[in-house]
Amino acid sequence: MAGERPRVGLFVTCLVDMMRPSVGFAAAKLLEDAGCTVEVPQAQTCCGQPAYNSGDRADTRALAEQTIRAFEGFDYVVAPSGSCAAMIKEHYPTLFDADPALKAKADDLAGRTWELTSFLTDLRGMTAVESAFTGKVTYHDSCSGLRELGVQAQPRRLLASIPGVELTEMVEHEVCCGFGGTFCVKYAEISNKIVTAKTDFILASGADTLLAGDLGCLMNMAGKLQRRGAAIQVRHVAEVLAGMTDQPAIGEAADNPARRRA
Amino acid sequence: MSSAKQQILASLRRSLRRSAPSAEIRAELEQRLAAPCANLIPQRAQLPHAEQLELMEAMLRELKATVVRLADEAAVPQAIADYLKNENLPPKLRLAPRDDLRRLPWDRAPLLEIEEGIAEAADATSLTGAFAAIAETGTLMMVSGPEAPVTLNFLPENHIVVLRASQVTGTYEEAWQRLRAQLGKDVMPRAVNMITGPSRTGDIEQTILLGAHGPRRLHVLLVDDRPHGERLG
Amino acid sequence: MESTSHAFKDNARAALANQTLQKAMKHVKTGFIDKRAKARARLPEFDDLRDVARDIKNHTLANLDFYLERYEEKVIASGGQVHWAPTGEDAVKTVLDICRRVDARVVTKGKSMISEEIALNQAMEAAGLDVVETDLGEYIIQLRKEPPSHIIAPAVHLTKEQVEADFRHHHRELPSERSLSQPEQLVAEARQMLRRRFLEADVGITGANFLVAETGTSIIVTNEGNGDLTQTLPRVHIVVASLEKVVPNLEDVSTILRVLARSATGQEFSSYTTFSTGPRRPEDLDGPEEYHVILLDNGRSNMLGGEFQDMLRCIRCGACMNHCPVYHAVGGHAYGWVYPGPMGAVLTPNLIGVDEAGHLPNASTFCGRCEAVCPMRIPLPKMMRHWREREFERHLSPPAVRAGLAVWAFFARRPKLYHFATGLQARLLGRLGRAAGRFDALPFARGWTQHRDFPAPEGRTFQQLWAERRGGRQNGKPR
């Protein structure tokens, strides 16, 4: 019977799957704390953004169809990524104008799909999380989550509920970090200029931890911060919200003594 | 019809995947043109007239125009003489050739040299009336005509405007209605200048500076021509 | 104007290294972004007005043939003349014919992006005319023989020191010991130098922000007053405007004007918004004796009814480029043609072809800030993506990129194979990167590692770990 414990299909995202599974586990814990059951369909690989933004509609449609089928039957589909959630919610329905049956399924999936922090607060009504994390954090608003899905207040609300967290806003927290998928390698010098400006602001904020909701952005910013020799740690916001910060921060060496938080 | 025109219209219609508009569509479009409706109007200037006057003044000051309220048009010449003296400007004026400016009591400011007509290169200061003003943004609406040459609004470095309270409306839409009422529907003068503050530029390092090519100073004499009963409100 | 858009990457590289440019570009953020935000905050109806403005333009575009014909009728009825120009060459020829017929020698110009598009100044100068740009920014870049780098602030890429150097170099008749280090002094000098030119002009040429069909009126939106002096003092006024500038009536244009200046500079209204209809009337004391409007197509009619129609709603406010991180990084000249920033990325391939201008819609992170601030609700990233689709269909992307994408897609569409391959990759890179936690160099990833470290993967994929730790609950079987 539907209702008591919603059945959530976790959209892992290709980057979390390959680069940082701990984000996926943190997301699953948060979803279970929010009263959901969590399953992970194996037939998922990628939401299709790389193909979509390269103009390859055929592969995009194929991956969208694959995703739609993989997530049939779940009450909700939740992704620890604003850009992947936006791809499914905002863009999948536009791919199937020539196929009404598939379009209907895309619309249906879109209606059930959520970015993680938005799902927890806006849908499940969570106002607090249990986390022993301590630190001075600054939060970067990833573009798709912010502008396509309106994700901005939600992660901050949950972070504010953690007693050990002090949130300090960086200047231009809502401005692009320069990742943009393939942009960061195709126009590497321009991307570098943008991420240099971004990391200037991150460092000026005085935070010891950088958080965001999208792993692409995080890898981009972490990579630059580390190239610049900065000590600030970079994590996905789910890790802090779930109180699961034992593993090294993004790009951090396994035996770094600096990381001893929660 | 010129062939260039035919070519362009044909290209448009090809793209729109239709031929010329049907009689039905045409009638709708004609109707829309014949009876224009205001679209969304901001609340800001939907105010009683006395508050619109205050809004107009506040907006002008914010624009770095200057504004003085006068109880009576008879005070205009003296007010101008004072202004020019305070600004260290020569006591010379180029007047717009209109009766309501000519008949002002200029003998009350005997030191002022007055000439009429279009602006000449050497003119430092012009004096014009206005057709209407729009409180929403502190905008003056000037309508060209034999009594209102356009060069007076742009050539001199200083522009003084006699604006009557009754000319102040809330919105652009109201001002256009007034113009239509005066000239007839679909008839326009050669130029309508909506002037919102003095001339300015930000072209050097985004620093805003006044007096690029048009007037550096815009001085408005707001003459209260409302019936006395209204003023006390 | 000649295009260097194909060399966007080289242009961008030079721009990034140009310290003077980078210094000047800092002003774009503080100048435009904050001011627009303040103006928007001050007008509660602002976002609703954007929706209405979009609807007005959509209505007009759907009936563009009707409104253009009505506009022409009214211009003629007021004593003006209308010339239809399918191409830029047609427009240029018309201008030269008019100038020749009236024996023009000096031509003043208000700022007009269209005139850049059709290389009008070059053609007039080649015909022996003395052409004077009168907008301060345009005047400066005319002295420098440069194109504009922003659609409303043409000289935004310059520092005041550069302008001072240009003025000293070109205004030889002025005393060399004069002080010129302050912006006020530069503006005063430009005012002085241009005043004589305004008065001696035979023909004045402006663009038009809008053309009003109801009354046959052209509108210019300026702050300096140069546009008004350009169109009032000479004997002949020529308006060069593209087809999509038409708006049905005065109420409609008032609505759009409410979002224009606020989006562009954060002003409530521009200093001078002027509505011109026909030549001087018999009883007027000043004004041009002849009034001409050249209606330019140059690719607009092709954009109607297709994927790029929404771009025709653009009112040239510049808000998109003011908020664009790519534009901030490289400035306007890098884009290589008339229109920079996001609107340039969409429009330029439409006007000069995607073969030449393909880099422009690709050089975007799709951050979406442009669309978020566009007063006419133009979906700019979506249309940039359309260009990428066209390029993909036509195999215009670099072969290596296409091949890489094909390999990736091959795997991504086959989950089992994908999970196997990613498992291997995660293990390999995880092992190699465990000690340091990251890579400062990686084969095939030079684009990344040139400028940043690459974080090492954790070493197992999520799918593998979930299967191990959570056992049977992994297949999304419907209830």
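### Quick notes on the overall build of chain A
Step number 1: Each helix and strand in chain A was counted, giving 13 helices and eight strands.
Step number 2: The principal-axis extent of the C-alpha atoms belonging to chain A is close to 50 × 45 × 30 Å.
Step number 3: For chain A, buried positions account for 63% of its 262 residues.
Step number 4: For chain A, restricting intrachain contacts to residue pairs at least 6 apart in sequence, the fraction spanning at least 24 positions comes to 75%.

### Describing the overall build of chain C
Step number 1: For chain C, the count of helices and strands is 24 helices and 12 strands.
Step number 2: Principal axes of the C-alpha set define a box for chain C whose edges measure 90 × 60 × 45 Å.
Step number 3: Put simply, 75% of the contacts in chain C that link residues at least 6 apart link residues at least 24 apart.

### Here we look at the packing of helix H4 (residues 57–70) of chain A against helix H6 (residues 100–112) of chain A
All names here are of chain A.
Step number 1: Interhelical geometry of H4 versus H6 gives an angle of 65° and a closest axis separation of 10 Å. The crossing of H4 and H6 is left-handed. On the side of H4, the interface is formed by Ala 64, Glu 65 and Ile 68, while H6 contributes Leu 102, Lys 105, Ala 106 and Leu 109.
Step number 2: Here the contact of H4 with H6 is composed, by residue class, of five nonpolar, no polar and two charged.

### Quick look at the nonpolar core
Step number 1: Grouped together as the largest cluster of nonpolar side chains are 286 residues, with contacts concentrated most on A:Leu30 and B:Met141.
Step number 2: For this core, the element with the most residues is helix H12 (residues 250–264) of chain C, which contributes eight residues.
Step number 3: Not counting residues up to four positions away in its chain, the partners in contact with A:Leu30 are A:Leu116, A:Leu120, A:Val129, A:Ala238, A:Leu241 and A:Ala242.

### Some details on the domain arrangement of chain A
All names here are of chain A.
Step number 1: Domain annotation of chain A identifies domain 1 (7–122) and domain 2 (126–241).
Step number 2: Counting from both sides, the interface comprises 30 residues of domain 1 and, opposite them, 24 residues of domain 2.
Step number 3: Sorting the residues of the side of domain 1 that touches domain 2 by element identifies helix H1 (14–19), helix H2 (21–33), helix H3 (49–52), helix H5 (82–91) and helix H7 (116–123) as the ones contributing at least two each.
Step number 4: Its residues assigned to classes, the side of domain 1 that touches domain 2 comprises 14 nonpolar, 11 polar and five charged.

### With respect to the interface of chain A and chain C
Step number 1: Taken together, the 68 residues of chain A in the interface contact 57 residues of chain C.
Step number 2: If you list the elements that add at least two residues to the side of chain A that touches chain C, you get H1, H2, H3, H4, helix H8 (143–149), helix H10 (183–186), helix H11 (188–204) and helix H12 (215–227) of chain A.

### Remarks on unusual backbone geometry
Step number 1: Although it is not a glycine, B:Asn88 adopts a positive phi angle of roughly 60°.
Step number 2: On the secondary structure map, B:Asn88 appears in the loop between helix H4 (76–86) and strand E2 (92–95).
Step number 3: In the Ramachandran plot, C:Arg316 falls in the positive-phi region, its phi being about 60° despite a non-glycine side chain.
Step number 4: Tracing the backbone shows C:Arg316 in the loop between helix H13 (300–303) and helix H14 (319–322).
Step number 5: C:Arg316 sits in the partly exposed class, given 16 other C-beta atoms within 10 Å.

### Focus on H12(A)
Residues and elements named next belong to chain A.
Step number 1: Between its first and last C-alpha atoms H12 spans 18 Å; for 13 residues at 1.5 Å apiece the expected length is 18 Å, and the two agree.
Step number 2: Most of H12 is tucked away: 13 of the 13 residues are buried.
Step number 3: Just beyond H12, the residue with positive phi is Gly 229, at close to 80°.

### Some remarks on the packing of H11(A) against H12(A)
The axes of two packed helices give the description: the angle between them and the distance between them.
All names here are of chain A.
Step number 1: Packing of H11 against H12 leaves a shortest axis separation of 10 Å and a crossing angle of 75°. Taken as axis vectors, H11 and H12 run roughly perpendicular relative to one another. For the pair formed by H11 and H12, the contact residues are Val 195, Thr 196, Lys 198, Thr 199 and Ile 202 on the first element and Asn 220, Met 221, Lys 224 and Leu 225 on the second.
Step number 2: Residues belonging to the contact of H11 with H12 are distributed by class as follows: four nonpolar, three polar and two charged.

### Things to note about the sheet that holds strand E8 (residues 246–247) of chain C
Step number 1: In space, the eight strands of this open sheet follow the order E8(B)-E5(B)-E6(B)-E9(B)-E9(C)-E6(C)-E5(C)-E8(C), with mixed pairing throughout. For this open sheet the edge positions go to strand E8 (168–169) of chain B together with E8 of chain C, each flanked by a neighbour on one side alone.
Step number 2: As paired strands, strand E5 (residues 210–212) of chain C and strand E6 (residues 217–222) of chain C are joined by three bridges and run antiparallel to one another. Bridging across to E6(C), C:Phe210 finds its partner in C:Ile219.

### Focus on the environment of C:Ala53
All names here are of chain C.
Step number 1: Turning to its location among the elements, Ala 53 is positioned in helix H3 (residues 46–62).
Step number 2: For Ala 53, a count of 26 C-beta atoms within 10 Å puts it in the buried group.
Step number 3: Along the sequence, Ala 53 and Pro 375 sit 322 residues apart, while their C-alpha atoms lie 7.7 Å from each other.
Step number 4: Excluding residues within four positions of it along the chain, Ala 53 makes contact with Thr 255, Ile 256, Val 259, Pro 375 and Met 376.

### A short note on the sheet that holds strand E1 (residues 7–10) of chain A
Residue and element names in this part refer to chain A.
Step number 1: Reading across the sheet, the four strands line up as E2-E1-E3-E4 and stay open at both edges, with parallel pairing between neighbours. The sheet is open, and its two borders are formed by strand E2 (37–39) and strand E4 (113–115), each paired with just one other strand. Averaged over all pairs of adjacent strands, the angle between strand axes in this sheet comes to 35°, irrespective of strand direction.
Step number 2: For E1 and E2, the ladder comprises three bridges, and the chain directions are parallel. When the sheet's bridge partners are listed, Val 8 is paired in E2 with Val 38.
Step number 3: The strands touched by H7 within the sheet are strand E3 (76–79) and E4, with E4 carrying the most contacts at an inclination of about 100°.

### Remarks on the confidence of the model for chain C
Step number 1: Looking at chain C as a whole, the pLDDT averages 94, with 98% of positions reaching at least 70.
Step number 2: Both confidence scores are given for the complex: pTM 0.95, ipTM 0.96.

### Side note on the domain arrangement of chain C
Step number 1: Under the domain assignment, chain C is made up of domain 1 (36–302) and domain 2 (415–470).
Step number 2: Here the C-alpha centre of domain 2 of chain C lies 56 Å away from the C-alpha centre of domain 1 of chain C.

### What about the pairing of E2(B)?
Residues and elements named next belong to chain B.
Step number 1: Here E2 pairs with strand E3 (residues 113–116) via four bridges, running parallel. Following the sheet pairing, Leu 93 is matched in E3 by Ile 114.
Step number 2: Taken together, the two bridges between E2 and strand E4 (residues 125–128) define a ladder with parallel strand orientation. Within the sheet, the bridge partner assigned to Leu 95 lies in E4 and is Leu 127.

Each value, and the rule that gives it
- Residues numbered from 1 in each chain as written.
- Chains lettered and ligands numbered in written order.
- Predicted model: local features only at pLDDT ≥ 70, side-chain atom pairs only at ≥ 80, totals over all residues.
- Helix = DSSP H or I, 4+ residues; strand = E, 2+ residues; numbered from the N terminus.
- Buried ≥ 20, exposed ≤ 12 C-beta atoms within 10 Å, placed from the backbone.
- Contact = placed C-beta atoms within 7 Å.
- Axes fitted to C-alpha atoms, helices over the stretch in contact; angles between N-to-C directions.
- Left-handed = near helix turned anticlockwise from the far one by under 90°.
- Nonpolar A, V, L, I, M, F, W, Y, C, P; charged D, E, K, R; others polar.
- Core = buried A, V, L, I, M, F, W, Y, C linked by C-beta atoms within 7 Å.
- Domains from an automatic or database assignment.
- Expected span 1.5 Å × (residues − 1).
- Parallel < 35°, antiparallel > 145°, perpendicular 65-115°, else oblique.
- Pairing = 2+ DSSP bridges.
- pLDDT = per-residue confidence, 0-100.

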